[in-house]
Amino acid sequence: MKTLILKRKQVIILFLTLTLCAAIVINWYYTGKGNLPSVPQKQEETQNLGEAKQVSKESEAVEVSAQQNYFTNAKLKRDSQTDESKDILTEIINSKDSGDASVKDAQQKLNVIIDNSKLQVDSENIISAKLSCECLVIINNDSAQVMIPEKSLDDSSAIQIKEVILSKTGLPAEKISIIGVKNVVEK
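In this text, all values refer to a predicted model and were calculated from it rather than measured experimentally.

Draft legend 1. Just the overall build of the protein chain, in detail. When helices and strands are counted, the protein chain shows 4 helices and 3 strands. Expressed as a percentage of its 187 residues, the buried residues of the protein chain come to 20%. For the protein chain, long-range pairs separated by at least 24 residues make up 57% of all intrachain contacts whose partners lie at least 6 apart in sequence. Accessible area for the protein chain stands at about 14,300 Å²; split by element, carbon and sulfur atoms hold 57% of it.

Draft legend 2. Up close: the pairing of strand E3 (residues 176–181). Of the pairings in the sheet, the one linking strand E2 (residues 143–149) to E3 comprises 6 bridges and is parallel in character. Considered in E3, the bridge of Ala144 is made with Ile176.

Draft legend 3. Here's a closer look at helix H3 (residues 100–131). Compared with the 46 Å implied by 1.5 Å per residue over 32 residues, the 46 Å span of H3 between its first and last C-alpha is a close match. Among the residues making up H3, those that are buried are Ala106, Leu110, Asn116, Ser117, Gln120, Ser123, Glu124, Ile127 and Leu131. Remark: Ser132 follows H3 within two positions and exhibits a positive phi of approximately 55 degrees.

Draft legend 4. Molecular detail of the side chain of Ser143. Residue position: Ser143 is located in strand E2. Looking at Ser143, the relative accessible area reads 18%, which means it is buried. Of note is the side chain of Ser143, whose polar atom sits 3.3 Å from the side chain of Gln145. Those residues in contact with Ser143, other than ones at most four positions away along the chain, are Ile138, Leu171 and Lys175.

Draft legend 5. Inspection of the side chain of Ser157 at higher detail. Residue position: Ser157 is located in helix H4 (residues 155–169). Judged by its relative accessible area of 2%, Ser157 is buried. Separated by 2.8 Å, the side chain of Ser157 and the backbone nitrogen of Asp154 make a polar contact. The residues touching Ser157, leaving out its near neighbours within four places in the chain, are Leu131, Ile148 and Ser152.

Draft legend 6. Examining the pattern of salt bridges more closely. According to the stated counting rule, one finds 7 salt bridges in the structure shown. With a closest N to O distance of 3.4 Å, Arg78 and Asp79 form a salt bridge. Through salt bridges with shared partners, a single network forms among Lys75, Arg78, Asp79, Glu124 and Glu134.

Draft legend 7. Molecular detail of the sheet that holds strand E1 (residues 136–140). Pairing within the open sheet is mixed, and its 3 strands lie in the order E1-E2-E3. With partners counted over all chains shown, the strands left at the sheet margins are E1 and E3, one partner each. This sheet shows a mean twist of 15 degrees between the axes of neighbouring strands, independent of strand direction. In the sheet, E1 pairs with E2 via 5 bridges, with the strands oriented antiparallel. Across the sheet, Asn140 pairs through a bridge with Ser143, a residue of E2. On top of the sheet, H3 reaches E1 and E2; it is set at about 150 degrees to E1, its chief contact.

Calculation rules
Residues numbered from 1 in each chain as written. Predicted model: local features only at pLDDT ≥ 70, side-chain atom pairs only at ≥ 80, totals over all residues. Heavy atoms only, no water. Helix = DSSP H or I, 4+ residues; strand = E, 2+ residues; numbered from the N terminus. Buried < 20%, exposed > 50% of the residue type's maximum accessible area, 1.4 Å probe, protein only. Contact = heavy atoms within 4.5 Å. Areas by Shrake-Rupley, 256 points an atom, 1.4 Å probe, with all protein chains shown as cover. Pairing = 2+ DSSP bridges. Expected span 1.5 Å × (residues − 1). Polar contact = N/O pair within 3.5 Å; in protein donor to acceptor, adjacent residues only side chain to side chain. Salt bridge = Lys/Arg side-chain N within 4 Å of Asp/Glu carboxyl O. Axes fitted to C-alpha atoms, helices over the stretch in contact; angles between N-to-C directions.

So, in structure tokens, the structure goes:
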């Protein structure tokens, strides 16, 4: 009886080992047959982390693409945070357990979020049209931040951006921040 149990355990261990080996082989086959990442060679020149270096027109295209990816990803993150806030507030509004005061407060906050989202998109569209560059606008309670590529930022573009935000939001000029985005490479 004991030898039968011992053989059963050995068979189970053998089966699990073979299954694991098969999984490793299948994974190795479908992921590139041993293409291991190479170790980067030591650079001869010192370079600051995040600093871009223009080599050719192709590198300029990569730089523009990286900036567009930065703005696209930032907008997606901003929109997903806004959607999460809307969902939470909508749950409070629709909950039967919520009191009248909390429903009213949630409705007001939801209206502010919706208004700010519309102002952000409208402002981004106008700024992008005026400056012919990608931008990101974030409007919070009593302030606005505008991010544009550093290469597009100068005195005249700053004035145009402030005019757009002032006309759209009515915020005072000292509550508007304009940030130049350097060559950003997404990871």
